Amino acid sequence: KMDEVARLVTLYANEPLSVWITGESGTGKELVAQALHLLSRKAASPFNAVNCAALSSTLMDSELFGHQRGAFTGAMADHVGHFERAKDGTVFLDEIASLSPDGQAKMLRVLEERKIRRVGDAVMRDVHCRIIVATHQDLTADVANGAFRNDLLHRVAGLVIHIPPLRDRLEDLEVLVPHLL
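The notes below deal with the structure included here. Numbers given for residues are sequential positions, taken from 1 along each chain in its written order. For a predicted model such as this one, the threshold for reporting local features is a pLDDT of at least 70, and the threshold for listing and counting side-chain atom pairs is 80 or more; totals across whole chains, interfaces and linings nevertheless cover every residue. The basis for every side-chain value is the complete set of heavy atoms in the structure, and neither hydrogens nor water enter the calculation.

Details of the overall build of the chain
Thinking step 1. The helix and strand inventory of the chain stands at 8 helices and 7 strands.
Thinking step 2. For a compact globule the rule gives 2.2 Å times the number of residues to the power 0.38, and the radius of gyration it is set against comes from C-alpha atoms. Computed over its C-alpha atoms, the radius of gyration of the chain comes to 17 Å, within 12% of the 16 Å expected for a compact globule of 181 residues.
Thinking step 3. Taking the principal axes of the C-alpha coordinates as reference, the chain spans close to 55 × 40 × 30 Å.
Thinking step 4. A 1.4 Å probe rolled over the protein chains alone gives each residue an accessible area, and that area as a share of the maximum for its type sets the label: buried under 20%, exposed over 50%, partly exposed in between. Across the 181 residues in the chain, those meeting the buried criterion constitute 42%.
Thinking step 5. For the area figures, the Shrake-Rupley method with a 1.4 Å probe applies, and any residue is considered shielded solely by the protein chains shown. Of the accessible surface of the chain, which amounts to about 9,700 Å², a share of 55% is contributed by carbon and sulfur atoms.
Thinking step 6. None of His or the chain ends enter the tally, which takes Lys and Arg as positive and Asp and Glu as negative. By convention, the charge on Lys lies at NZ, on Arg at CZ, on Asp at CG and on Glu at CD. The chain carries 20 positive and 24 negative side-chain charges, and their two centres are separated by 7 Å. We count a stretch as a helix when DSSP gives it H or I for four or more residues in a row; a strand needs E for two or more, and each element gets its number in order from the N terminus.

Right, here's the structure in full:
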């Protein structure tokens with residue numbers, strides 16, 4: 001089963017579309033995202049992993065898009081966000097389902113326009129990075145119950161890789177156990 005995942009990683013590595021990685025917690029979604037990045041033409045550029053579940057709605061804009069000095073209380077210096085820091089590399093958005101509705105709208109805008117604006121800045125900046133997203137939740141079900149935007153799902157699910165849980169690939173234990181020990 002992991003041979004199919006590896007085949008898809010190799011196949012999708014240089015595709016310009018966003019990739020949605022699905023699978024239960026602990027299946028290795030970030031490792032697959034890193035493999036996609038390392039096998040791509042973007043490998044020499046940064047790989048920025050962001051845990052969306054750890055971003056409060058007040059921190060999200062600053063962390064992802066950056067901010068200008070003086071944009072808010074405590075903004076003592078300019079801050080470059082994950083998208084700008086990635087340059088031509090990859091931004092991996094883990095647990096994208098945890099983004100607030102406002103955060104989802106902002107992410108959709110980034111994916112559509114390929115531009116960001118730092119908090120407190122009037123300048124729009126081009127975004128050339130590849131976006132890979134992951135979640136252990138079923139985004140299709142989240143769309144059906146109104147918890148996730150359908151248009152955002154279509155943008156992030158250009159290509160899909162599903163990682164099966166270890167219980168469905170017990171043959172991998174033979175390799176994993178000695179490695180972990």
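Digging into the packing of helix H3 (residues 57-65) against helix H5 (residues 101-113)
Thinking step 1. Only the contacting stretch of a helix is used when fitting its axis, a line to C-alpha atoms as for every element, and angles between N-to-C directions run 0 to 180 degrees. Remark: H3 packs on H5, axes separated minimally by 11 Å, with the N-to-C direction vectors making an angle of 20 degrees. Taken together, the axes of H3 and H5 lie roughly parallel to each other. At the point where H3 passes H5, the crossing takes the right-handed sense. Listed contacts from H5 to Met60, Asp61, Leu64 and Phe65 of H3 are Gly103, Lys106, Met107 and Val110.
Thinking step 2. Among the residues forming the contact of H3 with H5, the class breakdown is 5 nonpolar, 1 polar and 2 charged. For classification purposes, angles smaller than 35 degrees are called roughly parallel, those larger than 145 roughly antiparallel, those between 65 and 115 roughly perpendicular, and all remaining angles oblique. Whether a crossing is left-handed or right-handed is set by the direction in which the near helix is turned from the far one by less than a right angle, anticlockwise for left-handed and clockwise for right-handed. Whether two residues are in contact is decided by their heavy atoms, any of which lying within 4.5 Å being enough. By the convention adopted, Pro, Cys, Tyr, Trp, Phe, Met, Ile, Leu, Val and Ala count as nonpolar, Lys, Arg, Asp and Glu as charged, and the other residues, Gly among them, as polar.

With respect to the packing of aromatic side chains
Thinking step 1. When the centres of two rings from Phe, Tyr and Trp lie within 6.5 Å, Trp using its six-membered ring, the rings pair. Their planes under 30 degrees apart give stacked, over 60 give edge-to-face, and anything left gives tilted. For the structure on display, the rule yields 2 aromatic pairs.
Thinking step 2. Ring geometry for phenylalanine 47 and phenylalanine 92: centres 6.2 Å apart, planes at 20 degrees, overall stacked. Taken as a pair, phenylalanine 47 in strand E2 (residues 47-51) and phenylalanine 92 in strand E3 (residues 90-94) lie far apart in primary sequence, 45 residues in all.
Thinking step 3. Its relative accessible area of 0% is what places phenylalanine 92 among the buried residues.
Thinking step 4. Ring geometry for phenylalanine 65 against phenylalanine 83: centres 5.9 Å apart, planes inclined by 15 degrees, an arrangement best described as stacked. A residue pair is termed long-range when its members are at least 10 positions apart, and phenylalanine 65 in helix H3 and phenylalanine 83 in helix H4 (residues 82-86) qualify at 18 residues.

Notes on the layout of surface pockets
Space left empty within the atom packing is revealed by a probe, the size of a water molecule, rolled over the atoms.
Thinking step 1. Taken as a whole, the largest pocket encloses approximately 440 Å³ of empty space.
Thinking step 2. Here a cavity denotes grid points, spaced 1 Å and computed from the protein atoms alone, that fit a 1.4 Å probe unable to get out, and a pocket denotes an open set having protein on both sides within 12 Å along at least 5 of 7 lines; residues with an atom within 4 Å of a point are the lining. Lining the largest pocket are 19 residues; nearest its centre among them are Met2, Thr27, Leu31, Arg169 and Leu176.
Thinking step 3. When residues of the lining of the largest pocket are traced back to their parent elements, those giving at least two are helix H1 (2-12), helix H2 (29-38) and helix H8 (173-180).
Thinking step 4. Element by element, the count of residues in the lining of the largest pocket is highest for H1, at 5 residues.
Thinking step 5. Residue classes in the lining of the largest pocket are distributed as 13 nonpolar, 4 polar and 2 charged.
Thinking step 6. Grid points are joined across faces, edges and corners, and a volume is the space filled by probe spheres set on the points. Estimates place the volume of the second largest pocket at around 210 Å³.
Thinking step 7. Lining the second largest pocket, in full, are Asp61, Phe65, Lys106, Arg109, Val110, Glu113, Lys115, Ile116, Arg117, Val119 and Met124.
Thinking step 8. Of all elements in the fold, only H3, H5 and strand E4 (115-117) reach the threshold of two or more residues within the lining of the second largest pocket.

Notes on the nonpolar core
Thinking step 1. Counting 28 residues, the largest nonpolar core has Leu64, Phe83, Leu93, Ile96, Met107 and Ile131 as the members making the most contacts within it.
Thinking step 2. Contributions of two or more residues to this core are made by H3, H4, E3, H5, strand E6 (130-135) and helix H7 (150-156).
Thinking step 3. Nonpolar cores are built from buried Ala, Val, Leu, Ile, Met, Phe, Trp, Tyr and Cys residues. Side-chain atoms within 4.5 Å join them into one set. Tyr12, Phe92, Ile132 and Ile163 belong to the second-largest nonpolar core, a separate cluster that totals 15 residues.

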